[in-house]
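Working through the structure, step by step
Chain by chain, the residues run as shown.
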Amino acid sequence: MPKATVVQLKDMVDAETIAKSGLRLSLDKIRDFQVRGDDVFLITYPKSGTTWMKEIVPFILNGGNIDEIKDTPADVRVPYLEFALSSDDDERVKQIQSNFNVPKGFSLDDLKPPRTICTHLRREFLPRGIEEKRAKVIYVARNPKDIAVSTYYFSKMLMEKGLGCRSSEPYGDFNDLLHDFLEAEYRTQTVVYDGSKWHEHVLEWWNRRHEGNVLFLKYEDMLQDIKASLRQISEFLSAELSTSAVEKISNHCSFKTMKKNRVALKGDYCEKILGGKSEETSPFVRKGGAGGWKNYFTVAQNEMFDRHYREWMKDSDLEMTFEL
Ligand code: PPS
C-alpha cells in the first residue's frame, strides 16, 4: 500500500519540532473521504468566525432547539475534518481532540445526517467528493487585519505554552506576527497548517460564490445583522426557521452569551492548555468585532499591509469591511 501523503506546514517544520508538536495531516485520507450529498462543510481561514458558526449551524439544522444539543462539545457537533482524519500516530492531534472533549474513537460516521464538518484547509486539500457530490459549503471570510490580531493572541498563547514550531521563541510584539501572517509562515502549526495565505484561501471560494452549493458569508455582515444572516443560512440549508427560533439562536450565538458558554469557549481546552479561566483566556471567543486592529497597527504597518492587500486583490472584486 502506498504510504499516505502527509502535509506538514510546507517544508518549514524541522523533524525535531514535528516530533514534539507537529500535526500530521493525512492528505490522501482527506482527499478520499467519502462525502455524502447532504453533508455541510463549514470552511474558514483560521480566526474568521469558525467557533461562531459552530454555535449557529447545528441549531439552525435542529430548528432552534437549544436544549437538545447545547451541552454537546462543539467539536463533536461540528468536528474538524483534518483532526478527525489525522494520521493514526498523531499524538498531538489525539491530545487536541481529547482536550476538545471529542471521545476516543470518534468518527465522522457517528454524526447524524446532515453531517456538519468544519475545516481550515484550503480547497485543493479538501475531499474530492465535495465537488463530485455538490455537498453544501458555507464559507466565512473576515477582514485580514482583525484576523492578524486574533492570530497574534492565539499564537502568542500557544508559543508561551511551548506549542510552537519553526521557532521556539514566542511572539514578541505584533510586528513579529504581522510578518508571519503576510507570508503564512507561522511559529505555531495549529493556526494555519497548510501554508495558505489569507487571499489564497478566501478567493478560491469567493470565485465560486455563484455555484448553487456555495454560500459565501462575511463575518462583518453577520456582526451587522445576525438575524438576516441566520435566515440566509437557513434558506441555503433548506431548514425552516420560525421567528422564535431566529430569536433564540441569535441570543444563543451572541458574543455576550457565547462568552459565558463553556462549550463555545472550549473551557476544558483553555484550562488544560492555556491556563486561567476560560472566560478570560479563550482565544475562541475573545473580543470579537471589526476594527480592533486599529489599536495594534502602526501607520507604517498599515501602509505596508495595504500594499500587500492591493496586490493580493488586484484581480478581484471582493470587498472586505475593515471597520464598522
Ligand atoms: S479558530 O481558532 O480558527 O477556530 O478561531 P475562529 O473561531 O475562526 O475565530 C475566533 C474569532 O471569532 C470571534 N468570535 C465572535 N465574534 C463575534 N460574535 C461571536 N459570537 C463570536 N464568537 C467568536 C472570537 O472572539 C475571535 O476573534 P477575536 O478578534 O480574537 O476576538
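Residues numbered from 1 in each chain as written. Predicted model: local features only at pLDDT ≥ 70, side-chain atom pairs only at ≥ 80, totals over all residues. Heavy atoms only, no water.

As for the site of the ligand
In the vicinity of the ligand lie 23 residues, with Thr50, Thr51, Ser150, Lys287 and Gly288 positioned nearest. Between the ligand and Thr51, the relevant distance is 2.5 Å, taken from an oxygen atom to a side-chain nitrogen or oxygen of the residue. When the ligand is considered free in solution it has 640 Å² of accessible area, and contact with the protein chains removes 97% of it. Looking at the shell around the ligand, the elements that each hand over two or more residues are helix H3 (50-54), helix H10 (144-160), helix H13 (219-224) and helix H16 (255-258). Ranked by residue count, the leading element in the shell around the ligand is H3, at three residues. Residues of the shell around the ligand, tallied by class, amount to eleven nonpolar, eight polar and four charged. (Near = heavy atom within 4 Å. Polar contact = N/O pair within 3.5 Å; in protein donor to acceptor, adjacent residues only side chain to side chain. Areas by Shrake-Rupley, 256 points an atom, 1.4 Å probe, with all protein chains shown as cover. Helix = DSSP H or I, 4+ residues; strand = E, 2+ residues; numbered from the N terminus. Nonpolar A, V, L, I, M, F, W, Y, C, P; charged D, E, K, R; others polar.)

Structural notes on the sheet that holds strand E5 (residues 136-141)
With parallel pairing, the four strands of this open sheet are ordered in space as E4-E3-E5-E6. Every other strand in the sheet has two partners, leaving strand E4 (116-119) and strand E6 (214-218) as the edge strands with one partner each. Strand-to-strand twist in this sheet, taken as the mean axis angle between neighbours without regard to direction, amounts to 20°. With four bridges connecting them, strand E3 (residues 40-44) and E4 associate as parallel partners. Looking at E4, one finds that Ile43 is bridged to Thr119. The sheet contacts of helix H12 (residues 198-206) involve E3, E5 and E6, and relative to E5 the element is tilted by about 135°. Contacts from helix H14 (residues 226-236) reach E5 and E6 within the one sheet, and its direction differs from that of E6 by about 170°. (Pairing = 2+ DSSP bridges. Axes fitted to C-alpha atoms, helices over the stretch in contact; angles between N-to-C directions. Contact = heavy atoms within 4.5 Å.)

Quick notes on the side chain of Ser278
The residue Ser278 is located in helix H19 (residues 278-281) in this model. With residues up to four places along the chain from it excluded, the contact list for Ser278 reads Arg262, Leu265, Gly267, Cys270 and Glu271.

Some details on the nonpolar core
Of all hydrophobic cores here, the largest spans 99 residues; its most connected members are Phe41, Met53, Ile56, Ile138, Phe181 and Trp198. In terms of residues, this core owes the most to one element, H10, which gives seven residues. If sequence neighbours within four positions are ignored, Met53 has contacts with Leu42, Pro58, Ile138, Val140, Leu217, Met222 and Ile233. (Core = buried A, V, L, I, M, F, W, Y, C linked by side-chain atoms within 4.5 Å. Buried < 20%, exposed > 50% of the residue type's maximum accessible area, 1.4 Å probe, protein only.)

Points about the environment of Asn261
On the secondary structure map, Asn261 appears in the loop between H16 and helix H17 (262-265). In the structure, Asn261 is positioned 190 residues away from Asp71 in sequence and 9.3 Å away in space, judged by C-alpha atoms. Excluding its chain neighbours within four sequence positions, the residues that come into contact with Asn261 are Glu55 and His252.

With respect to the pattern of salt bridges
Scanning the model with the defined rule gives 24 salt bridges in all. For the salt bridge of Lys70 with Asp71, the shortest nitrogen-to-oxygen distance reads 3.6 Å. Classification of Asp71 as exposed rests on a relative accessible area of 58%. Three or more residues joined by partner-sharing salt bridges are found here, namely Arg36, Asp39, Asp109 and Arg115. (Salt bridge = Lys/Arg side-chain N within 4 Å of Asp/Glu carboxyl O.)

Section: the packing of H14 against helix H15 (residues 243-252)
Here H14 crosses H15 at 120°, and the two axes come no closer than 10 Å. Considering how the two elements wind past one another, H14 and H15 form a crossing that is right-handed. On H15, the residues that touch Ile226, Lys227, Leu230 and Arg231 of H14 are Val246, Glu247, Ile249 and Ser250. (Left-handed = near helix turned anticlockwise from the far one by under 90°.)

Details of the pairing of E6
Counted residue by residue, E6 has five buried out of five residues, so it is predominantly covered. On E6, burial covers both faces: Val214, Phe216 and Lys218 on one face and Leu215 and Leu217 on the other are all buried. Summarising the sheet, E5 and E6 pair through five bridges and their orientation is parallel. Across the sheet, the residue bridging to Ala141 is Lys218, located in E6.

Some remarks on the confidence of the model for the protein chain
On average, residues of the protein chain score 89 in pLDDT, and 90% of them reach the 70 mark or higher. Confidence drops under a pLDDT of 50 for residues 1-21, and excluding neighbours within four residues, the segment shows 41 contacts in the predicted structure. (pLDDT = per-residue confidence, 0-100.)

Remarks on the packing of aromatic side chains
A complete count under the given rule lists 23 aromatic pairs for this structure. Judged by centre distance (5.4 Å) and plane angle (80°), the ring pair of Trp293 and Phe297 falls under edge-to-face. The same class applies to Trp293 and to Phe297, which are both buried. The aromatic ring of Tyr219 is capped on one face by Arg142, whose charged end is 4.2 Å from the ring centroid. If you follow Lys266 out to its NZ or CZ, it ends over the ring of Phe100, 3.9 Å from the centre. (Phe/Tyr/Trp six-rings, centres within 6.5 Å; stacked < 30°, edge-to-face > 60°. Lys NZ or Arg CZ within 6 Å of the ring centre and 35° of its normal.)

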